[in-house]
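# Survey of secondary and tertiary structure
So you can see what is in the structure, the chains are spelled out below.
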Amino acid sequence: MRRLLVATLATALTLAGTGAAAQAHRQAAPAPGAPGIGDSYYPDYGNSGYDVSHYDIRLRYTPSTDKLTGTTTILATATTDLSRLNLDFVLDVSSIQVNNRPATFAREGDHELVVTPARTVAKGGALTIVVQYSGVPSSKVAAGYTAWIRTPDGAAAVGEPEIAWWWYPSNDHPSDKATFDVSVSVPDGVEAISNGVQPRPPVRETLGYTRWSWRSLKPQATYLTFLTVGQYDITTDTTADGSTVYNAYSQLLPQDFRDAAQASVERTAEITDWESTVFGPFPFEARGGVVTPPGTLGFALENQTRPNYSSGFFRRGSNPYVIAHENAHQWFGDSVSVESWQNIWLNEGFASYAEWLWSEKNDEGTAQEIFDYLYATYPDDAAVWTTAPADPGVAELFGDAVYDRGAMTLHQLRLAVGDDAFFAIIRTWVAQHRYGNATTAQFTALAEQISGKDLDALFQAWLYTPSKPVLTSSLARTLNVPAAPKSLAKISETHELLNGR
Ligand SMILES: [Zn+2]
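Numbers given for residues are sequential positions, taken from 1 along each chain in its written order. Thresholds applied to this predicted model are a pLDDT of at least 70 for local features of residues and 80 or more for the giving and counting of side-chain atom pairs; totals over whole chains, interfaces and linings are not thresholded and use all residues. Hydrogen atoms and water are omitted, and side-chain values are computed over all heavy atoms in the structure.

### With respect to the pattern of salt bridges
- We define a salt bridge as a side-chain nitrogen of Lys or Arg found within 4 Å of a carboxyl oxygen belonging to Asp or Glu. Counting across every chain of the model gives 12 salt bridges.
- The partner of arginine 316 in a salt bridge is glutamate 493, and the shortest N-O contact between them spans 3.5 Å. Here glutamate 493 lies in helix 13 (residues 488-498) and arginine 316 lies in the loop between strand 21 (308-309) and helix 5 (320-328), a separation of 177 residues in the sequence.
- Residue class for glutamate 493 comes out buried when judged on its relative accessible area of 8%.
- Across the pair arginine 414 and glutamate 360 runs a salt bridge whose closest N-O atoms are separated by 2.9 Å. Here the residue arginine 414 occupies a position in helix 9 (residues 400-417), and glutamate 360 occupies one in helix 6 (residues 345-361), the gap between them amounting to 54 residues. In this description a helix means any DSSP run of H or I spanning at least four residues, a strand means any run of E spanning at least two, and both kinds are numbered starting from the N terminus. Buried residues are those whose accessible area, probed at 1.4 Å on protein chains only, stays under 20% of the maximum for their type, while exposed residues exceed 50% and partly exposed ones sit between those limits.

Structure follows, in structure tokens:
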């Protein structure tokens, strides 16, 4: 919503510039970019005044000391006449160049880096920002915690919404996506894994270090960019359509976890091929997964092309549901990203519904059976009902309303419009917003447009009202508590970990 305001303001300046003269010139004087991009939940996340197109992140990391040194080059375009700009970052900066001249810089708050270029940059002008830095990421606290995870043999830069601050400077908000090159030098024998494809194999450098290079060819949100370092066993394959599969398993996994993890993650190509038949073509150039050491991650994250998984998902055997969930995010979250964090159910509700569809496909319980069970068993005063999925607030950003009620909303939509219209809505949604950003209002409008139905009452009850929706008689099924579908134990276990409970 606030982003709309920025766009409106930019339009006003443009109109003023082309219209009346003197006043317009005063308005268009170079101004500092704001320390936030306008997110309603996180006002100081991201920054305004520029739009990043590419990050080149070049690092050296030593697991034994957690010491990280690096240079990140940011290619961007000024979206206003810019005298100053902010980056989001917490490590120690030694120098910044903007357009090949030294810039001055200062810290503000817990993650703002305020950069003053030697020359102002005109609206539409190119920005090349080079930041040199170093630090021990695990020693830095911001937003009240340390998102960087140090593991027994390395580290995992995997987190949502916060993670980029601890390893590269950025415009840290999903509404400013960019392509990435991530190149990391680590001690010989250590693996360094990131998103996308490898433009070249690991190359030995001097002094016992090997450089790993990764490239993301499609726009990628900052929080979906990851780095996992440690002792990993790698498996590789090629999908039927010719894209790379690259999986990594921590060597610290006990054998039983390892077997169960492999029996799940090795099915990534199969599961994403099935998802492609439901959602449309897989949006990215590579697929895979990373399973981190026990006791480190505690959740899974849908990192673009290659989700990271806690080993905990596999402690009670294989779990294709978490694979279906994280990879559904490749469409819902990664390709179609939230315009602001308030819209998070567009990620989690859809990825959760993908689990229901996987259950249905595998005869482990239909989506209707899962809906009936959840509807009947959540207590009336549970957060799933007292939180509106379309505006969960920061405290419930990853709560049950966003996951389970989000999925229940989609199921109610499916019942209301029928399977043909429902899956047409889903595929059109994915195609229309591919590699972009979207909002709840855009989704509900599309659903009405494709179905030709007035769905205001349905969405009002399911997305916007903080109380348990009443089922209309045509959609009500049973007042008795139904038996739990076969898939429910796995889905519940998956969600307990995903919700961090
Ligand atoms: Zn998810």
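### Here we look at the coordination of the zinc ion
- Donor criterion used throughout: N, O or S atom within 2.8 Å of the metal, extended to 3.2 Å for Na, K and Ca. Water excluded; incomplete-looking sites may result. Only His325 (NE2), His329 (NE2) and Glu348 (OE) from the protein coordinate the zinc ion, and they sit 2.0 to 2.1 Å from it.
- In terms of primary sequence, the donors binding the zinc ion are separated according to H-x3-H-x18-E. Here histidine 329, found in the loop between helix 5 and strand 22 (337-338), pairs with glutamate 348, found in helix 6; they are 19 residues apart in sequence, far enough to count as distant. The burial state of histidine 329 is the same as that of glutamate 348; both residues are buried.

### Observations regarding the sheet that holds strand 12 (residues 178-187)
- Two strands qualify as a pair provided DSSP detects at least 2 bridges between them. If you walk across this open sheet you meet the 8 strands as 6-5-9-3-2-12-15-14, and the pairing is mixed. Of all strands in the sheet, those with a lone pairing partner are strand 6 (101-102) and strand 14 (203-204), marking the two edges.
- As defined by bridge partners, strand 12 adjoins strand 15 (residues 209-220) across 9 bridges and the pair is classed as antiparallel. Bridge assignment links serine 183 to a residue of strand 15, and that residue is serine 213.

### Description of the packing of aromatic side chains
- The aromatic pairing rule takes the rings of Phe, Tyr and Trp, using the six-membered ring of Trp, and pairs them if the centres are within 6.5 Å, calling planes under 30 degrees apart stacked, those over 60 edge-to-face and the rest tilted. Counting across every chain of the model gives 35 aromatic pairs.
- Between tryptophan 167 and tyrosine 168, the ring centres sit 4.8 Å apart and the planes meet at 80°, which makes this aromatic pair edge-to-face. For the pair shown, tryptophan 167 and tyrosine 168 are each scored as buried.
- Ring centres of tryptophan 429 and phenylalanine 443 lie 5.2 Å apart, and the angle between their planes is 85°; this geometry places the pair in the edge-to-face category. A residue pair is termed long-range when its members are at least 10 positions apart, and tryptophan 429 in helix 10 (residues 419-432) and phenylalanine 443 in helix 11 (residues 440-451) qualify at 14 residues.
- On the basis of relative accessibility, which here comes to 1%, the residue tryptophan 429 falls in the buried class.
- Each member of the aromatic cluster is reached from another via a ring pair, and the members are Phe279, Phe282, Phe284, Trp331, Phe332, Trp345, Phe350, Trp429, Tyr435, Phe443 and Phe459.

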